[in-house]
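In case you want the letters, here they are:
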Amino acid sequence: MRWFIWAALGCLVAIQPSYIHPDEHFQSLEILAIKFGQIKGSIPWEFDSANAARSFIPLYLNYGFIFKFFDHVRPRLLLSIVRLQNFLTYLWAYKFALAHIGHSYEADFLISTSYITSCYQSHSFSNSLETVLLLVVLSLYNDLIRLRHKRHCLESVLLGITIALGIFNRITFPVFIVVPSFIVFWQFYRKSLFSLAVFTAALLCSIAAFIYTDTLLYNSTHYVIAPWNNLRYNLDVSNLAQHGLHPWYTHFLINLPQLVGPSILFVQAPRRSLRTLANNMPLLSIYSGITLLSIFKHQELRFLIPLAPLFFMCSHFRESWNKIGVYIWIAFNLFMGIIMGCLHQSGVIRLLDAMRQDKLEVHVWWKTYSPPTWMYANKNLVASTTNFVNDTEKVENVDFSIVHDHVVDLKGCDTNLLNYTLTQFLSQNAQVALLAPKSVSSLLNLLNTTFRFIPTRSSNLHLDLDHIDIADSASWSMGLIQYNVIRNDYAHYYTSIVNN
Ligand SMILES: *[C@@H]1O[C@H](CO)[C@@H](O)[C@H](O)[C@H]1NC(C)=O
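Residues numbered from 1 in each chain as written. Predicted model: local features only at pLDDT ≥ 70, side-chain atom pairs only at ≥ 80, totals over all residues. Heavy atoms only, no water.

### Focus on the pairing of strand 7 (residues 406-409)
Residues of strand 7 alternate between two faces, with H406 and V408 on one and V407 and D409 on the opposite face, all of them buried. Sheet analysis places strand 3 (residues 362-365) next to strand 7, joined by four bridges and oriented parallel. Its bridge partner lying in strand 7, V364 is registered against V408. Bridge count between strand 4 (residues 382-385) and strand 7: four bridges; the pairing is parallel. Looking at the pairing, V382 lines up with H406 of strand 7. (Buried < 20%, exposed > 50% of the residue type's maximum accessible area, 1.4 Å probe, protein only. Helix = DSSP H or I, 4+ residues; strand = E, 2+ residues; numbered from the N terminus. Pairing = 2+ DSSP bridges.)

### A few points about a nonpolar patch on the surface
Side chains of W248, Y249, F252, L253 and I254 sit close together on the surface and give an oily, nonpolar patch of about 580 Å² of accessible area. Residue position: W248 is located in the loop between helix 12 (237-241) and helix 13 (250-260). (Patch = residues over 30% accessible without salt bridge, like charges linked within 9 Å, V, L, I, M, F, W, Y side chains within 5 Å. Areas by Shrake-Rupley, 256 points an atom, 1.4 Å probe, with all protein chains shown as cover. Salt bridge = Lys/Arg side-chain N within 4 Å of Asp/Glu carboxyl O.)

### Overview of the UniProt feature "signal peptide" (unreviewed entry) in the protein
UniProt's feature table lists "signal peptide" (unreviewed entry) at residues 1-22, given in the numbering used throughout. Summarising residues 1-22: 59% helix, 0% strand, and an end-to-end C-alpha distance of 36 Å. (UniProt positions renumbered as here; feature names shortened; annotations may be inferred.)

### So, the environment of L426
By the element assignment, L426 lies in helix 20 (residues 415-427). Classification of L426 by relative accessible area gives buried; the value is 8%. Here the alpha-carbon distance between L426 and F451, two residues 25 residues apart in the chain, equals 9.9 Å. In contact with L426, other than residues within four places in its own chain, are V432, F451, V485, I486 and R487. (Contact = heavy atoms within 4.5 Å.)

### Side note on the layout of surface pockets
The gaps left among the atoms become clear once a water-sized probe is rolled over them. What the largest pocket holds in volume is close to 1,800 Å³. Every residue lining the largest pocket is counted, 49 residues in all, and those nearest its centre are D23, Q27, W45, E46 and H243. For the lining of the largest pocket, the secondary-structure elements that each account for two or more residues are helix 2 (23-37), helix 8 (153-169), helix 11 (226-234), strand 4, strand 5 (387-389) and strand 7. Of the residues belonging to the lining of the largest pocket, the class tally is 23 nonpolar, 18 polar and eight charged. Looking at which domains feed residues into the lining of the largest pocket, each of domain 1 (2-343) and domain 2 (357-499) supplies at least three. (1 Å grid on protein atoms, 1.4 Å probe; cavity = no way out; pocket = protein on both sides within 12 Å on 5 of 7 lines; lining within 4 Å. Points joined across faces, edges and corners; volume = space filled by probe spheres on them. Nonpolar A, V, L, I, M, F, W, Y, C, P; charged D, E, K, R; others polar. Domains from an automatic or database assignment.)

### Re the domain arrangement of the protein
A common way to report how large an interface is uses the accessible area buried once the components associate. Parsing the protein into structural domains produces domain 1 (2-343) and domain 2 (357-499). Computed over C-alpha atoms only, the centres of domain 1 and domain 2 are separated by 36 Å. If you look at the interface, domain 1 gives 21 residues, while domain 2 gives 18 residues. In total, domain 1 and domain 2 occlude about 1,600 Å² of area from one another, counting both sides; carbon and sulfur atoms represent 71% of this. The largest per-residue losses of area from domain 1 upon contact with domain 2 belong to K40, P75 and L343, which jointly make up 35% of the total buried on that side. Applying the counting rule to domain 1 against domain 2 returns zero salt bridges. (Buried area = accessible area lost by both parts, 1.4 Å probe.)

### Considering the packing of aromatic side chains
Pairs of aromatic rings are described using the distance from one ring centre to the other and the angle between the two planes. Scanning the model with the defined rule gives 25 aromatic pairs in all. Relative to F332, the ring of Y115 has its centre 5.7 Å away and its plane inclined at 80 degrees; by these criteria the two rings are edge-to-face. Note that Y115 is positioned in helix 6 (residues 115-120) and F332 in helix 18 (residues 323-343), a separation of 217 residues in sequence. Among the residues examined, F332 registers a relative accessible area of 22% and is labelled partly exposed. Between W248 and Y249, the ring centres sit 5.6 Å apart and the planes meet at 80 degrees, which makes this aromatic pair edge-to-face. For W248, a relative accessible area of 62% gives the class exposed. Taken together, F36, F47, F56, Y60, F67 and Y218 form an aromatic cluster joined through their ring pairs. Over the ring of F56 we find K35, and its NZ or CZ is 4.7 Å from the ring centre. (Phe/Tyr/Trp six-rings, centres within 6.5 Å; stacked < 30°, edge-to-face > 60°. Lys NZ or Arg CZ within 6 Å of the ring centre and 35° of its normal.)

### What to know about the site of the ligand
Surrounding the ligand, one finds N416, N419, L446, L447 and T450. N419 is positioned with one of its side-chain polar atoms (N or O) 2.4 Å from an oxygen atom of the ligand. Notes on the ligand: free accessible area 360 Å², of which the protein chains cover 43%. The residue makeup of the shell around the ligand, split by class, is two nonpolar, three polar and no charged. (Near = heavy atom within 4 Å. Polar contact = N/O pair within 3.5 Å; in protein donor to acceptor, adjacent residues only side chain to side chain.)

Here it is as structure tokens:
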């Protein structure tokens, strides 16, 4: 009964319009909306056919059904359906893992109440799917070494397909299973070469089928091996530097504690013999994942989310974990659920939904996360953004003569570049709408001599964590505002039109 209350609460958070990271849109829903809906949007470099560094297979398998059948619903509703599906898939996957690897009340409670479940697993990250695939692989591994049959053909086929899918979903998938795979090979496959042959055949056939399908979908003249193209990119440190370099301990000291929250204070490592530890698939996977991911220099929290359920599955409560521990845990997750699951950048999604019937002229987004352009569902959309020349941000790729169906993502650029962009568009007599968070209103005031900003629409439930400035109280305010921008020297015309 309690589980259902937590699951219902999780569902409610899952379908809120928060926006955690651009990848949840641009590396999944954006691509599918362009493929299925014949709309225009922004294709990230990974999916550009010149690079072909991401496979379409996991996207089609995971979301193809939704995009096929809910193609014409409101984008905001489609987003909720996607999140609900991901949330329910994850509930199934972790229950499956608990049933196969060993059920514990603690793990069930921690996973179902964790904010990672409702906020991250429900969003359309490739990392969320990675968690589900990892749980399936570890469950099957556990069966192979626990149930001592001579052969495990069905399991081996499923393993081959799931591992291939994992690799095509994210190139980091192998790091989570290296150590567990070694144990499974030693304890099972070494002694059952027939099963090993079945597994290898299933793996290779899946890989071949995926390469073939990607080649067709990319319309390429040579074979597209997406994970290989991705790996080549990621092994080059100068490429990773563009995404930010972190010290090696970031995952261990900063990301992991954020991921599992205060539960870290109340759990203890299982006190068992070395032999049982060596058979503990979740523990081996955590060890394998953290160690190998720490070698890479780009370390984000969401890379670790597959480890959250594994960590909880290894958790055993200390004596001190009683009422007070439970309250601290629940308070932490409610807080994070509200921040990350309901409010974070959510004005972007809310306003995109609110203005979906408007005629689109020029929309300039400033100091927000990149607007998911697929939500405009516009067949003529032109999406442009800033570029960098020697670390200086420019708008060289923005064509100011396009004054219809044009969305410009100025990202976090400075006021001068905003000033320049608005001036260019207004000199073409464009109708310009600016979308900017309330937290930067002091910066916007600097341009008051040149422009008049007339608020036309707003969403108060927009939390901007990126522009907080201790000295500026306005920077703490929540909200995203849509302004009509007019030149100050024209402002009196506008007032007379409105008054008449
Ligand atoms: C914005 O640009 C205009 C015209 O280019 C200029 O006159 C004005 O001083 C600029 N405003 C700021 C705050 O830089």
